[in-house]
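Observations on the three-dimensional arrangement
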Amino acid sequence: LLGDLGSVDVAEIFSPLRFSRECGRFGLQPGLAADLLTNKPDGAPWDLRSKADIDKLFGILETEDPELLVGSPPCTAFSRLRDSSDYKRDPAVVETEREEGRLHLNTIVLAYQSQKDRGKMFLHEHPETASSWDELDIQWLASQPGVYYVEGPMCHWHMTSTDEQGEALVKKETGWLTNSSELANILNVQCSNMQSDK
């Protein structure tokens, strides 16, 4: 799918070098990785609540012209578990967190649409249970021609977790949005037997 097509092959938003770190194994050129755990070119950490940092982000994406843009915004504000306990919390704090989450979604949807407009690919990931899938920006993106929504458990990709009983596969049903039919086909999987997939 990738290689020698854009200035860089893979860029990431709201992701601390997950994909970029693996690029060398596949002969791909990594680009931007913008997350609270990564730094801007000036050495300061990214803050994608800031208009200045959002503008800087889009400037770098325009320069790098990545073939694939991967995004996974924080889903804390859209967690169903969090939703069930929000009534115990300060309503003003809950609303501030929700608005921040919506800002992140709006930023990343604009970036995905820019990718699509340039004939490039995007891949968006959030837990399948997250209420972000009901947000207007995401529903608008999912309704666009050539955009695919698929689901698949992370155990298929050997995601594990460790507790006092040891290490085990994590099912974690995950939703994906992409404008690549090839990526959609790859990600549309099920784990019928979690043990055998380890």
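Residues numbered from 1 in each chain as written. Predicted model: local features only at pLDDT ≥ 70, side-chain atom pairs only at ≥ 80, totals over all residues. Heavy atoms only, no water.

1. Comments concerning the pattern of salt bridges
A complete count under the given rule lists 11 salt bridges for this structure. Overlapping salt bridges, with partners in common, bring together Asp65, Glu67, Arg118 and Lys120 in one network. (Salt bridge = Lys/Arg side-chain N within 4 Å of Asp/Glu carboxyl O.)

2. Some words on the pairing of strand β4 (residues 121–127)
For a regular strand, the rule is simple: side chains alternate between the two faces of the sheet. With seven of seven residues buried, β4 lies mostly within the body of the structure. Of the strand pairs in this sheet, strand β3 (residues 68–71) and β4 are connected by four bridges, and their pairing is parallel. What sits directly across from Val70, in β4, is Leu123. As defined by bridge partners, β4 adjoins strand β8 (residues 173–178) across five bridges and the pair is classed as antiparallel. (Buried < 20%, exposed > 50% of the residue type's maximum accessible area, 1.4 Å probe, protein only. Helix = DSSP H or I, 4+ residues; strand = E, 2+ residues; numbered from the N terminus. Pairing = 2+ DSSP bridges.)

3. Some remarks on helix α1 (residues 51–64)
With 14 residues, α1 should cover 20 Å at 1.5 Å per step; its first-to-last C-alpha distance of 20 Å lies within 8% of that length. Restricting attention to buried positions, one finds in α1 the residues Asp53, Ile54, Leu57, Ile60, Leu61 and Glu64. Along the axis of α1, the buried positions cluster into a sector of 125 degrees, meaning they face one direction only. Away from the buried face of α1 by more than 90 degrees, exposed residues Lys51, Ala52, Glu62 and Thr63 are located. (Expected span 1.5 Å × (residues − 1). Arc of directions from axis to C-beta.)

4. What about unusual backbone geometry?
Of note, Phe14 is a non-glycine position whose phi angle comes to about 60 degrees, a positive value. Here Phe14 is to be found in the loop between β1 (10–13) and β2 (30–34). By relative accessible area, which is 6% here, Phe14 ends up buried. One non-glycine residue, Asp65, adopts positive backbone phi at about 50 degrees. By the secondary structure assignment, Asp65 is in the loop between α1 and β3.

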